[in-house]
Amino acid sequence: MKKLLLHSTVATVFVFSVLVTLQKVSQLELFNAFDPIGKALDDLEFSDISFSQLREDPEIDTSIVMINIGYLSRAEIAQQIMMISQFEPKVIGIDGFFNCPGGLRDSLNCPMAYDTIGNTMLNFAIEQAGNVVLVTKLLQTDSLINALGDVDIYDSIEHTDDFIRGNAYEGFANLETDAAHQEDLKACRTFVPAVEVNGERQLAFSVMMAMLYDSAKTNRFLARGKKSEIINYRGNIIDPYGASGYPNRYYTLDWYQALDANSFVPGLFKDKIVIMGFLGQTLDDTSWDDKFFTPLNKQFAGKSRPDMYGAVVHANIVSMILNEDYIEELPEWTKIVIAIVVCYLNVALFWMIMQRDPDWFDGISILVQLLQFVAVSFMMVTFLSFFSFKLELTATLAIIAIVGTCFEIYCNVILTIWGRIKAKRMLTRKGEKVLTPVKD
Amino acid sequence: MKSKSALFIAFLTISSLAMGQDYLFKVLASKGVNEVKNGDSWQPVKIGANLKQGDQLRLSENSYVGLIYVKGQPREIKEAGTYDVAKLASEMQAGSTVVQKYTDFILSSNAEAKVNRLSATGAVHRGTAEDISVLLPDANTKVFSNEVVITWETAEGTTGPYVVTFENMFGDVLSKIETPEKTLRVNLADEKFVDQLTVMVSVNSKSDPAKDPKKHAITRLSSAERDRIQASLGEIKGSLDPEQAVSQLILAGFYEENNLPIDALTAYVQAKSMEPGAYDETFEEFLIRQNLKK
């Protein structure tokens, strides 16, 4: 028993050492050029499979209506707002900036600043509607970056121009991704609900829309106090090319339909949240502009195409808040504890098999690993499906994958070397005893 | 006997649903020319509308309808044809359980590789991908003059006469003009258009009215922009003779410089009609410059 405990402990330490070494080597990116699989799976999370294919069908949220603004001018977007607001939606969110990119306000770089009629119409439409939420962007000034480097602190905000903004509410549209800039590939699984900027709390665009719609639920959400929340994706808008799981989950109007009162029933917008944003030139456009990879992407690993427009990501967040359907997750330390316990139990089992019947070791160990792999992955899926709990056991899966091979290395190499070292010492001691002259 | 019982149960289920809720589906999204028959007449499908038992749904080519069933499941229809709403409801099934999905997922990973590997091309569609390609820009739709020439090219096999439809921003038809030619001159000062800031133009072959043609916008300049162009034009117009093709060519250059491709196109067509064949190459170069042709 003492031997079992000792070897189980030492072998567990060895397995973790191998895992950490493998991780460190991969972080050095020494073999990246020869690691296509690692690169392809770099952004994979096991829960993505649950999100896209293996969970109970999420309910359709009929409290949100999506509207495509396509490439409409400001005057035409104003017409859309005026058309919609007469049907009394509770909130209108516009997922677009109306300013001059880069602050260049000359007529060549920013001709729209000189579109007086369009700007006046848009301002008038926003003011008349009275319930419009516009987007902002959290920024870092050069002085902040120079002083603190790469940090998640923001000291500046990009707004829509004052003469258009009027009485509109605002929320930041930044979403959590690894993208370096807007045109980079963007994978979005989480979002930041609120951020302090220069001592003032700023709410995310989606959170601000939810706040105006149902402040009680939104305050309960904010009271969770999490810096970053996992988005419980419910679905996409119409998806003619089948990139996404759970398409056709929101009322959606193309740009011309929102300008034509004959295209929809009058009650469609009453007391609802309307989110206006870019959903392609038309709904069957294949544009990648403002499009994200989400866990709903049917191609969950390897080469793929983005599946969801940013405006729809915001809609999913609003749905999550209003349905109070959040995803909980394990604290980091529990992930490590679970991995250690699983590793220890595996090693103990393998030790017992090795001691009792070594001939069966190879077959049984592979079978045990396979069964555990299926069981743990199934648990990860079912926990997300039934309990909205993201059971992130990637470290445990990695341990299960390598524990058999590592244990064999431990027994055949480590213990053999240790045995020989030990044997040499013993011989040396014996030699001393043998060679010690016997005193008469 | 068994199938009759199943049909009877399905009928009862649908009937009870229909009595509990007065609809079977709601329309979540609609793209293309889609209609619903409620009673005797076919009406365009409206987003948010209820589809009831006894209704029929008709989709044209390349259309799409997204529906939500009364029990909450979504249903997409992408194939053209006529659908009985009650039959669509009877086809709705409860969603699979997670265990079933997990089993399907594991088994689906063993699916055989696709045999037809030539579904995609290494090319894009341009120019005559549409049967009728109207030579009007997608962006830069501003126009200075009241006189506008609309011209179009057709794919092989597309024949006239053509129907040119003018609509306002809300899809109300302002005017429909039939012509055997591939060019039409229109006056925006006409009383049908005079109140419209933007006029949408589409061209269809009369022999194929079911096709959903692409709509192009023609937007009047704001009065300030108009005054600015008028002042600039005044400086050169005195030395031009509008009856000469060369003068039209100079005007075309002026409009192009001022980012008014529709006016430029009108002047080019005018020049071509005055001296047939002389400016074909110049016109083609203009079309390529303005991305109206590849």
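Residues numbered from 1 in each chain as written. Chains lettered and ligands numbered in written order. Predicted model: local features only at pLDDT ≥ 70, side-chain atom pairs only at ≥ 80, totals over all residues. Heavy atoms only, no water.

Draft legend 1. Region of the structure containing the overall build of chain A. The helix and strand tally for chain A stands at 13 helices and 15 strands. Expressed as a percentage of the 440 residues in chain A, the buried residues total 48%. Taking the contacts inside chain A whose residues are at least 6 apart along the sequence as the reference set, 75% of them involve residues at least 24 apart. (Helix = DSSP H or I, 4+ residues; strand = E, 2+ residues; numbered from the N terminus. Buried < 20%, exposed > 50% of the residue type's maximum accessible area, 1.4 Å probe, protein only. Contact = heavy atoms within 4.5 Å.)

Draft legend 2. Fine view of the packing of helix H9 (residues 215-222) of chain A against helix H10 (residues 310-322) of chain A. All names here are of chain A. Where H9 contacts H10, the two axes come as close as 9 Å, and the packing angle between them is 95°. Relative to H10, the element H9 is oriented roughly perpendicular. Where H9 approaches H10, its residues Lys217, Thr218 and Phe221 are matched on the opposing element by Met320, Ile321 and Leu322. Tallied by class, residues from the contact of H9 with H10 come to 4 nonpolar, 1 polar and 1 charged. (Axes fitted to C-alpha atoms, helices over the stretch in contact; angles between N-to-C directions. Parallel < 35°, antiparallel > 145°, perpendicular 65-115°, else oblique. Nonpolar A, V, L, I, M, F, W, Y, C, P; charged D, E, K, R; others polar.)

Draft legend 3. The arrangement of the side chain of Arg74 of chain A in detail. All names here are of chain A. Among the secondary structure elements, Arg74 is positioned in helix H4 (residues 74-85). One buried charged residue, Arg74, forms no salt bridge at all, with the nearest opposite charge on Asp161 at 4.8 Å. Dropping the residues within four chain positions of it, Arg74 is found in contact with Phe98, Asn99, Met112, Gly118, Asn119, Leu122 and Ile164. (Lys, Arg positive; Asp, Glu negative; His and termini not counted. Salt bridge = Lys/Arg side-chain N within 4 Å of Asp/Glu carboxyl O.)

Draft legend 4. Spatial organisation of the interface of chain A and chain B. In this assembly, 41 residues from chain A lie in contact with 33 residues from chain B. In total, chain A and chain B occlude about 3100 Å² of area from one another, counting both sides; carbon and sulfur atoms represent 64% of this. Linking Asp284 of chain A and Lys31 of chain B is a salt bridge whose minimum nitrogen-to-oxygen distance equals 3.0 Å. Remark: the boundary between chain A and chain B carries 7 residue pairs in polar contact (both at pLDDT 80 or more). Contributions of two or more residues to the side of chain A that touches chain B are made by helix H3 (46-53), H4, strand S10 (251-253) and helix H12 (361-387) of chain A. Broken down by element, the residue count for the side of chain A that touches chain B peaks at 7 residues, all from H12 of chain A. Grouping the constituent residues of the side of chain A that touches chain B by class yields 22 nonpolar, 11 polar and 8 charged. (Buried area = accessible area lost by both parts, 1.4 Å probe. Polar contact = N/O pair within 3.5 Å; in protein donor to acceptor, adjacent residues only side chain to side chain.)

Draft legend 5. Structural detail: the state of the cysteines. Residue and element names in this part refer to chain A. This structure, assessed with the given rule, holds 1 disulfide over all chains. Shown here is the disulfide that connects Cys100 with Cys110, its sulfur atoms set 2.0 Å apart. The disulfide joining Cys100 to Cys110 has a torsion of about -75° about its S-S bond and is therefore left-handed. Of the two residues, Cys100 is situated in the loop between strand S2 (91-95) and helix H5 (116-129) and Cys110 in the loop between S2 and H5; the sequence distance between them amounts to 10 residues. The residues Cys100 and Cys110 share a single accessibility class, namely buried. (Disulfide = S-S within 2.5 Å.)

Draft legend 6. Layout of the packing of aromatic side chains. Residue and element names in this part refer to chain A. Per the stated rule, a full pass over the model turns up 23 aromatic pairs over all chains. With 5.8 Å between their ring centres and 90° between their planes, Phe278 and Tyr309 make a pair best called edge-to-face. Here Tyr309 lies in strand S13 (residues 308-309) and Phe278 lies in the loop between strand S11 (273-277) and strand S12 (291-292), a separation of 31 residues in the sequence. The pair formed by Phe278 and Tyr309 is uniform in burial state, with each residue classed as buried. Residues Phe407 and Tyr410 carry aromatic rings whose centres are separated by 6.4 Å and whose planes lie at 35° to one another, so their mutual orientation is tilted. Of this pair, Phe407 and Tyr410 both sit in helix H13 (residues 394-435), 3 residues apart, which is roughly one turn of the helix. There is no split in this pair, since Phe407 and Tyr410 are both buried. (Phe/Tyr/Trp six-rings, centres within 6.5 Å; stacked < 30°, edge-to-face > 60°.)

Draft legend 7. Structural view of the confidence of the model for chain B. Residues and elements named next belong to chain B. For chain B, the average pLDDT comes to 79, and 79% of its residues sit at 70 or higher. Contacts from residues 7-20, a stretch scored under 50 in pLDDT, to residues over four places away or in other chains number 9 contacts. Interface confidence in the predicted complex, given as ipTM, is 0.70; pTM for the same model is 0.66. (pLDDT = per-residue confidence, 0-100.)

Draft legend 8. The arrangement of the nonpolar core in detail. Residue and element names in this part refer to chain A. Ranked by size, the top nonpolar core spans 55 residues in total, and within it Met66 and Val313 carry the most contacts. Only strand S1 (64-68), strand S3 (132-139), strand S7 (194-197), helix H8 (205-213), H9, S11, S13 and H10 provide two or more residues apiece to this core. Per-element tally for this core: the top contributor is H10, with 9 residues. Ignoring any residue separated from it by four or fewer positions in sequence, one finds Val313 in contact with Leu175, Cys188, Ile231, Tyr233, Phe292, Thr294 and Met308. (Core = buried A, V, L, I, M, F, W, Y, C linked by side-chain atoms within 4.5 Å.)

Draft legend 9. How the structure looks around the packing of H8 of chain A against H10 of chain A. All names here are of chain A. Two elements in contact, H8 and H10, have axes whose closest approach is 9 Å; the angle formed by their N-to-C orientations is 45°. Relative to H10, the element H8 lies oblique. Of the two elements, H8 crosses H10, and the hand of that crossing is right-handed. For the pair formed by H8 and H10, the contact residues are Phe205, Ser206, Val207, Met209, Ala210 and Tyr213 on the first element and His314, Ile317, Val318, Ile321 and Leu322 on the second. Across the contact of H8 with H10, the residue classes break down as 9 nonpolar, 2 polar and no charged. (Left-handed = near helix turned anticlockwise from the far one by under 90°.)

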